[in-house]
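Structural features, examined
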Amino acid sequence: MPSAPATDLTTTLTRWYDAHARDLPWRRPEFHEQYGAWGTLVSEFMLQQTPVARVIPHLDAWLTRWPSAPSAAIASPADVVNQWANLGYPRRALWLHRAAIEVTERHGGTVPRDVDALLALSGIGDYTARAVAVFHYGDRHPVVDTNTRRVIARAVDGRSQPGPPAKRDLDRMTALLPDDEHRAAVFNAAMMELGATVCTARAPRCEACPIADRCAWLAAGRPDTGDDRRRQAKYEGSDRQVRGIVLRALREAPEHRMLADAVAADWVDRGQRDRAIDSLMSDGLIEADGEALLLPR
DNA sequence: TACTCGTGGGG
DNA sequence: TCCCCAAGAGT
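Calculation notes
Residues numbered from 1 in each chain as written. Chains lettered and ligands numbered in written order. Predicted model: local features only at pLDDT ≥ 70, side-chain atom pairs only at ≥ 80, totals over all residues. Heavy atoms only, no water. Helix = DSSP H or I, 4+ residues; strand = E, 2+ residues; numbered from the N terminus. Buried < 20%, exposed > 50% of the residue type's maximum accessible area, 1.4 Å probe, protein only. Areas by Shrake-Rupley, 256 points an atom, 1.4 Å probe, with all protein chains shown as cover. UniProt positions renumbered as here; feature names shortened; annotations may be inferred. Expected span 1.5 Å × (residues − 1). Pairing = 2+ DSSP bridges. Axes fitted to C-alpha atoms, helices over the stretch in contact; angles between N-to-C directions. Core = buried A, V, L, I, M, F, W, Y, C linked by side-chain atoms within 4.5 Å. Near = heavy atom within 4 Å. Polar contact = N/O pair within 3.5 Å; in protein donor to acceptor, adjacent residues only side chain to side chain. Nonpolar A, V, L, I, M, F, W, Y, C, P; charged D, E, K, R; others polar. Domains from an automatic or database assignment. Phe/Tyr/Trp six-rings, centres within 6.5 Å; stacked < 30°, edge-to-face > 60°. Bend = angle between axes of the 7 residues up to and from the residue.

So, about the overall build of chain A. Helix and strand content of chain A: 14 helices and three strands. Viewed in the frame of its principal axes, chain A has a C-alpha envelope of about 75 × 45 × 30 Å. Expressed as a percentage of the 297 residues in chain A, the buried residues total 47%. Accessible surface, chain A: about 15100 Å² in total, of which carbon and sulfur atoms supply 51%.

The next subject is the UniProt feature "domain: HhH-GPD" (unreviewed entry) in chain A. UniProt tags residues 46–197 as "domain: HhH-GPD" (unreviewed entry). As annotated, residues 46–197 has a helix share of 64% and a strand share of 0%, and its two end C-alpha atoms lie 19 Å apart.

Right, let's talk about helix α13 (residues 239–252) for a bit. Taking 1.5 Å per residue, 14 residues should reach 20 Å; α13 reaches 20 Å between its end C-alpha atoms and fits that length. Taken together, the buried positions of α13 are occupied by Gln241, Val242, Arg243, Val246, Leu247, Leu250 and Arg251.

What follows concerns the sheet that holds strand β1 (residues 257–259). Here we have three strands laid out as an open sheet, ordered β1-β3-β2, and antiparallel in their pairing. If you trace the sheet from one side to the other, it starts and ends with β1 and β2 (287–289), each paired once. Within this sheet the neighbouring strands show an average axis-to-axis angle of 30 degrees, counted without direction. In this structure, β2 lies alongside strand β3 (residues 292–294), joined through three bridges in antiparallel fashion. Pairing of Glu287 across the sheet is with Leu294, part of β3.

Moving on, we come to the nonpolar core. Counting 37 residues, the largest nonpolar core has Trp38 and Trp62 as its most contacted members. Counting only elements with at least two residues in this core, the list comes to α2 (29–47), α3 (52–65), α4 (69–73), α5 (77–84), α6 (91–107), α7 (115–119) and α8 (126–135). Per-element tally for this core: the top contributor is α2, with nine residues.

Here we come to the protein's contact with DNA strand C. Around DNA strand C, the surrounding shell holds 27 residues, and the nearest of these are Trp26, Leu47, Gly123, Thr128 and Arg231. Restricting the count to atoms of DNA strand C within 4 Å of the protein gives a sugar and phosphate share of 60%. Between Arg27 and DNA strand C, the recorded distance is 3.5 Å, taken from a side-chain N or O atom to a base nitrogen. Between DNA strand C and Gly123, the relevant distance is 2.8 Å, taken from a phosphate oxygen to a main-chain nitrogen or oxygen of the residue. Here the residues of the surface near DNA strand C sort into nine nonpolar, nine polar and nine charged.

Phi is positive for Ala85, close to 55 degrees, though the residue is something other than glycine. Looking at the element boundaries, Ala85 is found in the loop between α5 and α6. Even without a glycine there, the phi angle at Ala264 is positive, about 50 degrees. Looking at where Ala264 falls in the secondary structure, it is placed in the loop between β1 and α14 (270–283).

Below, the discussion takes up the domain arrangement of chain A. For chain A, the domain assignment lists domain 1 (10–135), domain 2 (146–219) and domain 3 (239–294). Computed over C-alpha atoms, the centres of domain 2 and domain 3 are 42 Å apart.

What follows covers the packing of aromatic side chains. Taken as a whole, this structure holds three aromatic pairs when the rule is applied. Summarising the aromatic geometry, the rings of Trp62 and Trp66 are spaced 4.8 Å apart at their centres and angled 70 degrees between planes, so their arrangement reads as edge-to-face. Given the relative accessible area of 1%, Trp62 is considered buried. A connected cluster of aromatic rings, assembled from ring pairs, spans Trp62, Trp66 and Trp84.

As for its position among the elements, Asp171 is in helix α10 (residues 168–176). Once the C-alpha coordinates of Asp171 and Pro142 are considered, the two residues, 29 residues apart in sequence, prove to be 7.8 Å apart.

A few words now on the protein's contact with DNA strand B. Neighbouring residues of DNA strand B: 19 residues in total, closest Pro90, Arg230, Arg240, Arg243 and Gly244. Counting only atoms of DNA strand B within 4 Å of the protein, the fraction found in sugar and phosphate groups is 57%. Here a base nitrogen of DNA strand B and a side-chain polar atom of Thr50 are 3.0 Å apart. Only α6 and α13 provide two or more residues apiece to the surface near DNA strand B.

This next bit is on α2. The terminal C-alpha atoms of α2 lie 19 Å apart, and with 19 residues this falls more than 12% below the ideal 27 Å at 1.5 Å per residue. Of all the bends in α2, the greatest, near 110 degrees, is centred on Tyr35. α2 sits mainly inside the fold: 15 of its 19 residues count as buried. Of the residues flanking the end of α2, it is Gln49, one or two places downstream, whose phi is positive at about 75 degrees.

Written out as structure tokens, the structure is:
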């Protein structure tokens, strides 16, 4: 007969987190003192779909240049897109810039604490809004990302992978959250850290897992329960690839300006190249000036 | 809901 | 080599 866990989930995860959490810039008290909620907001924007190791140097550079929302709000879109460099998904740079303007105009330059106010900002969804409210302000909300969804799928549901994201994920995370605000914040961080470093997507290290004794998936023998997530579209030859080539060329060009004909000139499918340029323009990531293309002013 | 949107490191 | 995946959000 299996014995009940000696310690409740929150305490177990909190102890593990205290001993094993990575020392990341946005977890340091000085970071919050220096940059306030703006620092957390910028870090979370960059962490949307970009790995931690790649974010760290860019975050430092960004906050050195723009240490507050109002300072970023008066930058040009070109400066922002260029500073974003190769972080990927460059629309995020424009949305972050827009959010900085909104924070300056609507909230007097201070990133708001209220989740609904955060959700109303450009580029901020369920994850980022609650991450700011929890990790900077210390409030009690469910922070649901790919890591927490995977940990719940395994530990609670006994499945090898989570299903597609759904609104219901928020309620499931809430159900696990301790009542105390501070403990809830640590619980959110610990679930994410566990998913990022132990309960990983590909090769989970169950032998190092603090909650292995109560994991439904491990108890079931780590079955492959299938994966109903949608696979990422092929990148090679895609519109995204062409967009990436075009934008990189403009970032690296003198004055961030090039003759349109010279951009991605060796891309064989000319029609696809032109469509990519059109879509970048409609996103506001580039603009046309006569025969030239340039980053938006 | 389904699809799009970059870039690079690791298995 | 190739494929997978990464602190998601907007449409």
